[in-house]
Amino acid sequence: WQTGDVYSGGWKANSRNGFGRIDYANNSAYDGQWVDDSFSGTGTMNFETGDVYTGKWENGSQMGRGTMIYKVRTSSTVCPQLFALRLTPLTMIYLY
């Protein structure tokens, strides 16, 4: 892609379909199922922040069960209440 993003995986009807991986120029990456150029099905997104979401996707959005793992940050701006209690968030499970 002109943006520096790199995709490898299934193609159908001139769009990303099936299983594939995209590595974005900003150092994030998605690996999983695609339907008509959108994340759909099961997949993992590695965000540029170091956070990782694995779970269900629908039309490019997190949908259904999934696990979001946050990279531990040293700044108290993430959640001042947890840092005040000397707790660090590691894994949170969300239902979308």
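Conventions adopted
- Residues numbered from 1 in each chain as written.
- Predicted model: local features only at pLDDT ≥ 70, side-chain atom pairs only at ≥ 80, totals over all residues.
- Heavy atoms only, no water.
- Phe/Tyr/Trp six-rings, centres within 6.5 Å; stacked < 30°, edge-to-face > 60°.
- Buried < 20%, exposed > 50% of the residue type's maximum accessible area, 1.4 Å probe, protein only.
- Pairing = 2+ DSSP bridges.
- Helix = DSSP H or I, 4+ residues; strand = E, 2+ residues; numbered from the N terminus.
- Core = buried A, V, L, I, M, F, W, Y, C linked by side-chain atoms within 4.5 Å.
- Salt bridge = Lys/Arg side-chain N within 4 Å of Asp/Glu carboxyl O.

Caption draft 1: Representation of the packing of aromatic side chains within the structure. Taken as a whole and judged by the stated rule, the model has eight aromatic pairs. Relative to W34, the ring of Y30 has its centre 5.4 Å away and its plane inclined at 85°; by these criteria the two rings are edge-to-face. For W34, a relative accessible area of 3% translates into the label buried. Ring centres of F39 and W57 lie 5.2 Å apart, and the angle between their planes is 80°; this geometry places the pair in the edge-to-face category.

Caption draft 2: Local environment of the pairing of strand β6 (residues 61-69). Summarising the sheet, strand β5 (residues 52-58) and β6 pair through six bridges and their orientation is antiparallel. Pairing of V52 across the sheet is with I69, part of β6. Count of turn residues in the β5/β6 antiparallel hairpin: two residues, of which N59 carries a positive phi of about 50°.

Caption draft 3: The nonpolar core, seen in detail. Among the nonpolar cores identified, the biggest contains nine residues, and these are Y7, I22, Y30, W34, F39, M45, Y53, W57 and M68. When contributions to this core are tallied by element, the ones reaching two or more residues are β3 (29-35), β4 (38-46) and β5.

Caption draft 4: Fine view of the pattern of salt bridges. Inspection of every chain in the model, using the stated rule, returns three salt bridges. Residue R21 is joined to D31 by a salt bridge in which the shortest nitrogen-to-oxygen separation is 4.0 Å. Here D31 lies in strand β3 and R21 lies in strand β2 (residues 15-23), a separation of 10 residues in the sequence. A relative accessible area of 40% means that D31 is categorised as partly exposed. Through salt bridges with shared partners, a single ionic network connects R21, D23 and D31.

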